Protein chains: 2
Amino acid sequence: MVQFDEDAVFRALADPTRRAMLERLDDGPASVTALAEPFGVSLTAITQHVRLLEHAALITSVKDGRQRICSLERTTLQRAEDWLAERRVRWDKRLDRLEQHLDHTEPTNRSPKGPTR
Amino acid sequence: MVQFDEDAVFRALADPTRRAMLERLDDGPASVTALAEPFGVSLTAITQHVRLLEHAALITSVKDGRQRICSLERTTLQRAEDWLAERRVRWDKRLDRLEQHLDHTEPTNRSPKGPTR
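Description of the sheet that holds strand β3 (residues 67-72) of chain B
Residues and elements named next belong to chain B.
Logical step 1: Across the sheet, which stays open at both edges, the 3 strands sit in the order β1-β3-β2 with antiparallel pairing between neighbours. Two strands in the sheet have a free side with no partner beyond their single neighbour: β1 (30-31) and β2 (59-64).
Logical step 2: As defined by bridge partners, β2 adjoins β3 across 6 bridges and the pair is classed as antiparallel. Bridge pairing in β3 links S61 to C70.
Logical step 3: Contacts from helix α4 (residues 43-55) reach β2 and β3, with the element oriented near 120° to β2.

Structure below.
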């Protein structure tokens, strides 16, 4: 079972290079060297990004001879997505209840702006 | 149209207090003062969190007399969710293609570990 650490996952996603690396890994597993190439950054910088992504369980990596091959960990993407979906769905339900409530409330009791939709 | 700034959104989500504030706002709009209460942090600290969440368009806020009322911006949650879903779905499709490819490949050509499922 992959650990889901929200802090680490969202922090890892909050960087354009790391998001681009995940997009690259969408094409399939890649070595750290291959990952570094399109970004024009040093291997050291990419290695640090790899560590952060791996710490967040957004990717996994395995040694293959002299190379380290990285793969996308879709389970973590799924769990981050679920986290967001859960909040959004709960919010939708509450908005529905708010609307029902407003339907039974005198117009003078309403806030001048009403709920933001 | 709410601007979707991935860096800002994921950075805002990468903090347990800010995520808890979003959960609190799931119960409906709340003043900054009310938001601060359960977290045992200063109003100044909460105001900074509010700014970050508002900058990420995860919440909106309006002045209501002496108070500032915050509301969840579900559109942004939806877009962050879509961003993740898009990567996950593409990855699923690629895994399917990889499986099809492996079905037509000699076992000796396979990597010793095979794809991570």
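Digging into the side chain of B:D15
Logical step 1: Within the secondary structure, B:D15 is located in the loop between α1 (6-13) and α2 (16-25).
Logical step 2: Lacking a salt bridge, the buried B:D15 has B:R18 as its closest oppositely charged neighbour, with an N-O distance of 4.2 Å.
Logical step 3: From its side chain, B:D15 meets the backbone nitrogen of B:T17 in a polar contact 2.9 Å long.
Logical step 4: Within the local environment of B:D15, its side chain forms a polar contact with the backbone nitrogen of B:R18, the two atoms lying 3.0 Å apart.
Logical step 5: The residues contacting B:D15, other than those within four sequence positions of it, are A:D7 and B:H49.

Considering the interface of chain B and chain A
When the parts come together, some accessible area is lost, and that loss is often what is quoted as the size of the interface.
Logical step 1: Contacts between the two partners involve 33 residues from chain B and, on the opposite side, 33 residues from chain A.
Logical step 2: For the pairing of chain B and chain A, the buried interface totals around 3,500 Å² over both sides, and the portion due to carbon and sulfur atoms is 57%.
Logical step 3: Applying the counting criterion to the chain B and chain A interface returns 2 salt bridges.
Logical step 4: Inspection of the region where chain B meets chain A yields 2 residue pairs in polar contact (both at pLDDT 80 or more).
Logical step 5: At 15 residues, the largest contribution of residues to the side of chain B that touches chain A is made by helix α5 (residues 74-103) of chain B.
Logical step 6: The residue inventory of the side of chain B that touches chain A, partitioned by class, reads 14 nonpolar, 3 polar and 16 charged.

Describing helix α1 (residues 6-13) of chain A
Logical step 1: Every buried residue of α1(A) is listed here: A:A8, A:V9, A:F10, A:A12 and A:L13.
Logical step 2: Two or three places before A:D7, at the start of α1(A), stands the capping residue A:D5, its side-chain oxygen 3.2 Å from that residue's backbone nitrogen.

Some remarks on the relation of the copies chain B and chain A
Logical step 1: Mapping chain B onto chain A calls for a screw motion: a turn of 180° about the axis and a shift of 0.0 Å along it, with 0.0 Å RMSD after fitting. Put plainly, the chains are arranged around a two-fold axis.
Logical step 2: A shared interface surface links the copies, since 97% of the contact residues of chain B are contact residues in chain A too.

A short note on unusual backbone geometry
Logical step 1: With a phi angle near 60°, A:A57 is a residue other than glycine that sits in the positive phi range.
Logical step 2: Take A:A57: it is sitting in the loop between α4 (43-55) and β2 (59-64).

Calculation notes
- Residues numbered from 1 in each chain as written.
- Chains lettered and ligands numbered in written order.
- Predicted model: local features only at pLDDT ≥ 70, side-chain atom pairs only at ≥ 80, totals over all residues.
- Heavy atoms only, no water.
- Pairing = 2+ DSSP bridges.
- Helix = DSSP H or I, 4+ residues; strand = E, 2+ residues; numbered from the N terminus.
- Contact = heavy atoms within 4.5 Å.
- Axes fitted to C-alpha atoms, helices over the stretch in contact; angles between N-to-C directions.
- Buried < 20%, exposed > 50% of the residue type's maximum accessible area, 1.4 Å probe, protein only.
- Lys, Arg positive; Asp, Glu negative; His and termini not counted.
- Salt bridge = Lys/Arg side-chain N within 4 Å of Asp/Glu carboxyl O.
- Polar contact = N/O pair within 3.5 Å; in protein donor to acceptor, adjacent residues only side chain to side chain.
- Buried area = accessible area lost by both parts, 1.4 Å probe.
- Nonpolar A, V, L, I, M, F, W, Y, C, P; charged D, E, K, R; others polar.
- Least-squares fit on C-alpha atoms with pLDDT ≥ 70 in both.

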